[in-house]
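Descriptive structure summary
Chain by chain, the residues:
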Amino acid sequence: GFMVPKLVAVAKNYAPVSPTQKELDEAYMRRRGKKKLAARKKTARFKERKNRPSPGGLERSIFGKAAEDGGYLYVPSTAPAAKYAHYIHDMKGVLWHKRGIGTQKKGGQADDQFITRAIYDNTTKLADIMRKAMEDALK
């Protein structure tokens, strides 16, 4: 159970992330062949808009829970990104194919199967910790 917070951190690091508005603007300008986006006039109406990217919702939805039989790494069904988590974790190659701008910028480790990979990539560490705990208990 004591390894759960580390696994949660790894899973969050492996999770894809949406791009910020700045990253979207930069990608748009690269496609258009322009160097810089014209400055936007910040009107009251612009500030009130709700349809803006808010990266990190998937990362904030990943939780861990220590238990007697080890622990759990999960996204609760009540989390903001619950449906999206299933879509991203399990549906690569079925419903989506390419990693987005924000995920590419996050690094090569960010992709689908983020919870499964967090566990498998740390199995040797988990086994070492368990072996050490058993040795200490037997002394």
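Residues numbered from 1 in each chain as written. Predicted model: local features only at pLDDT ≥ 70, side-chain atom pairs only at ≥ 80, totals over all residues. Heavy atoms only, no water.

**Things to note about the overall build of the chain**
What counts here: A run of H or I in DSSP becomes a helix once it reaches four residues, and a run of E becomes a strand once it reaches two; helices and strands are each numbered from the N terminus. Should any heavy atoms of two residues lie within 4.5 Å, those residues are counted as being in contact. Areas reported as accessible are Shrake-Rupley estimates using a 1.4 Å probe. Residue values count occlusion only from the protein chains shown.
The number of helices and strands found in the chain is 8 helices and 2 strands. Listing every helix and strand of the chain by position from the N terminus yields α-α-α-α-β-β-α-α-α-α. Pairs at least 24 apart in sequence give 66% of the contacts found in the chain among residues at least 6 apart. In the form shown here, the chain has an accessible surface area of approximately 10100 Å², with 56% of it arising from carbon and sulfur atoms.

**Some details on the nonpolar core**
In plain terms, the rule: We call a set of buried residues a nonpolar core when its members are Ala, Val, Leu, Ile, Met, Phe, Trp, Tyr or Cys and they connect through side-chain atoms within 4.5 Å of each other. Burial classification: accessible surface area is computed with a 1.4 Å probe over protein chains only, and a residue below 20% of its type maximum counts as buried, one above 50% as exposed, and the rest as partly exposed.
Counting residues in each nonpolar core, the largest one holds 18 residues, and the members touching the most others are Ala11, Leu58, Ile62, Leu73, Phe114 and Ala118. Contributing elements (two or more residues each) for this core: α1 (4-14), α5 (82-90) and α7 (114-120). For this core, the element with the highest residue contribution is α1, accounting for 6 residues.

**A look at unusual backbone geometry**
Leaving glycine aside, a negative phi is the common case for residues, and trans is the common case for peptide bonds. A positive phi is found at glutamine 113, a non-glycine position, where the angle reads about 55 degrees. One can find glutamine 113 in the loop between α6 (101-106) and α7. By relative accessible area, which is 25% here, glutamine 113 ends up partly exposed.

**What to know about the environment of lysine 92**
Spelled out, the test is: In protein, a polar contact means a hydrogen-donor-capable atom and an acceptor-capable atom, both N or O and within 3.5 Å, with residues adjacent in sequence counting only if both atoms are side-chain atoms; elsewhere, any N or O pair within 3.5 Å suffices.
Relative to the helices and strands, lysine 92 is located in the loop between α5 and α6. Apart from residues no more than four positions distant in its own chain, lysine 92 is found in contact with Tyr87, His97, Arg99, Asp111 and Asp112. A distance of 2.8 Å separates the side chain of lysine 92 from the side chain of aspartate 111, its partner in a polar contact.

**So, the pattern of salt bridges**
As a reminder of what qualifies: A pairing counts as a salt bridge when a side-chain nitrogen of Lys or Arg comes within 4 Å of a carboxyl oxygen of Asp or Glu.
Under the defined criterion, the tally for this structure stands at 5 salt bridges. Between glutamate 23 and lysine 105 there is a salt bridge, with the nearest N and O atoms lying 3.3 Å from each other. A residue pair is termed long-range when its members are at least 10 positions apart, and glutamate 23 in helix α2 (residues 21-32) and lysine 105 in helix α6 qualify at 82 residues. Of the residues examined, glutamate 23 reaches a relative accessible area of 14% and is grouped as buried. Here arginine 131 makes a salt bridge to aspartate 128, at a shortest N to O gap of 3.0 Å. Of this pair, arginine 131 and aspartate 128 both sit in helix α8 (residues 123-138), separated by 3 residues, roughly a single helical turn. On the basis of relative accessibility, which here comes to 47%, the residue arginine 131 falls in the partly exposed class.

**What about the packing of aromatic side chains?**
Threshold: Here a Phe, Tyr or Trp ring, Trp counted by its six-membered ring, pairs with any other such ring whose centre lies within 6.5 Å, and the pair is stacked when the planes are under 30 degrees apart, edge-to-face when over 60, and tilted otherwise.
Going through the model one piece at a time under the given rule, you end up with 2 aromatic pairs. Arranged with centres 6.2 Å apart and planes meeting at 25 degrees, the rings of tyrosine 84 and tyrosine 87 form a pair that is stacked. Highlighted residues: tyrosine 84 and tyrosine 87, both in helix α5, separated by 3 residues, approximately one helical turn. Overall, the relative accessible area of 30% leaves tyrosine 87 in the partly exposed class.

**Notes on the confidence of the model for the chain**
We apply this condition: On a range of 0 to 100, pLDDT expresses the predictor's confidence in each residue.
With 88% of its residues at a pLDDT of 70 or more, the chain shows a mean pLDDT of 86. Ranking the elements of the chain by mean pLDDT puts helix α3 (residues 44-48) last, at 58, and helix α4 (residues 57-60) first, at 95.

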